[in-house]
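# Coordinate inspection notes
The residues making up each chain are set out below.
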Amino acid sequence: MTNKQLLFLIVLGFAIMPFSVQVTGEESVYTVMAYEMWFHGNWLSPTLYGEPYHRPPLINWLIIGLCSVIGWENSIPAARLVSAAATLSAGWLIFWFVNRCWKDRDLAWLATLLYFSTWQILGGYGWKGYSDALFGALVLGSMIFAYLSIYERRPLWMLVAVCFAFLDIIVTWE
């Protein structure tokens, strides 16, 4: 079995998870906050059951956007799709980065395969409706583009790194 085939099987298994597992842990916290933000038109200060909940709004904005398309009755899958999209984006970023720096597609496939096969990704935080996957993808993007800025001597990549870091602040401020 080739790296591409193995990666395809892992990503396929990963893609099924957001729709097949019951609500776990605090997943509903983000969906309730997103619904309250949308319902009250309060886009900057999340609340949970009407009380201030000092969490940043980026993941809630993304959940609101998805729920506006697929319906609020699918808020848990929407939250999980945000996490899964962030994880898949991080995997793509790893592939792109390794291929760009080392010019070796096999090494890029292997690095991506290793990322997707870690327990942290498959076991939950890569697809559960938490902010962890989004936070991780943004931190990864910031680090990769800061590295590329120095490695390739391109200041534009540092600007991209700063943008990733800024978005990360919108996920993690308290």
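Attention here is on the structure that accompanies the text.

Mapped onto the secondary structure, Ser68 falls in helix H3 (residues 58-70). On a C-alpha basis, the gap between Ser68 and Thr112 in space is 32 Å, while along the polypeptide they are 44 residues apart. Within the structure, the side chain of Ser68 is placed 2.8 Å from the backbone oxygen of Ile64, a separation counted as a polar contact.

Attention now goes to the packing of aromatic side chains. In the structure shown here, the tally under the stated rule is 15 aromatic pairs. Ring plane angle 75° and centroid distance 5.8 Å describe the contact between Trp96 and Trp157, whose orientation is recorded as edge-to-face. Here Trp157 lies in helix H8 (residues 155-172) and Trp96 lies in helix H4 (residues 75-102), a separation of 61 residues in the sequence. Among the aromatic residues, ring-to-ring pairing joins Trp92, Trp96, Phe145, Trp157 and Phe164 into one connected group.

Moving on to the packing of helix H2 (residues 27-40) against H3. Running from amino to carboxyl end, H2 crosses H3 at an angle of 75°, the nearest separation of the two axes being 9 Å. Judged on the interaxial angle alone, H3 and H2 are roughly perpendicular. Residues Tyr30, Met33, Ala34, Met37 and Trp38 of H2 form the contact with H3, whose own contacting residues are Ile59, Asn60, Trp61, Ile63 and Ile64. Of the residues belonging to the contact of H2 with H3, the class tally is nine nonpolar, one polar and no charged.

Note: most residues except glycine have negative phi, and most peptide bonds are trans. The phi torsion at Tyr49 lies on the positive side, around 55°, for a residue other than glycine. Here Tyr49 shows up in the loop between strand E1 (47-48) and strand E2 (51-52). The backbone of Arg153 sits at a positive phi, close to 55°, despite the residue not being glycine. For Arg153, the position within the fold is in the loop between helix H7 (132-151) and H8. On the accessibility criterion, Arg153 (75% relative accessible area) is exposed.

What counts as what
Residues numbered from 1 in each chain as written. Predicted model: local features only at pLDDT ≥ 70, side-chain atom pairs only at ≥ 80, totals over all residues. Heavy atoms only, no water. Helix = DSSP H or I, 4+ residues; strand = E, 2+ residues; numbered from the N terminus. Polar contact = N/O pair within 3.5 Å; in protein donor to acceptor, adjacent residues only side chain to side chain. Phe/Tyr/Trp six-rings, centres within 6.5 Å; stacked < 30°, edge-to-face > 60°. Axes fitted to C-alpha atoms, helices over the stretch in contact; angles between N-to-C directions. Parallel < 35°, antiparallel > 145°, perpendicular 65-115°, else oblique. Contact = heavy atoms within 4.5 Å. Nonpolar A, V, L, I, M, F, W, Y, C, P; charged D, E, K, R; others polar. Buried < 20%, exposed > 50% of the residue type's maximum accessible area, 1.4 Å probe, protein only.

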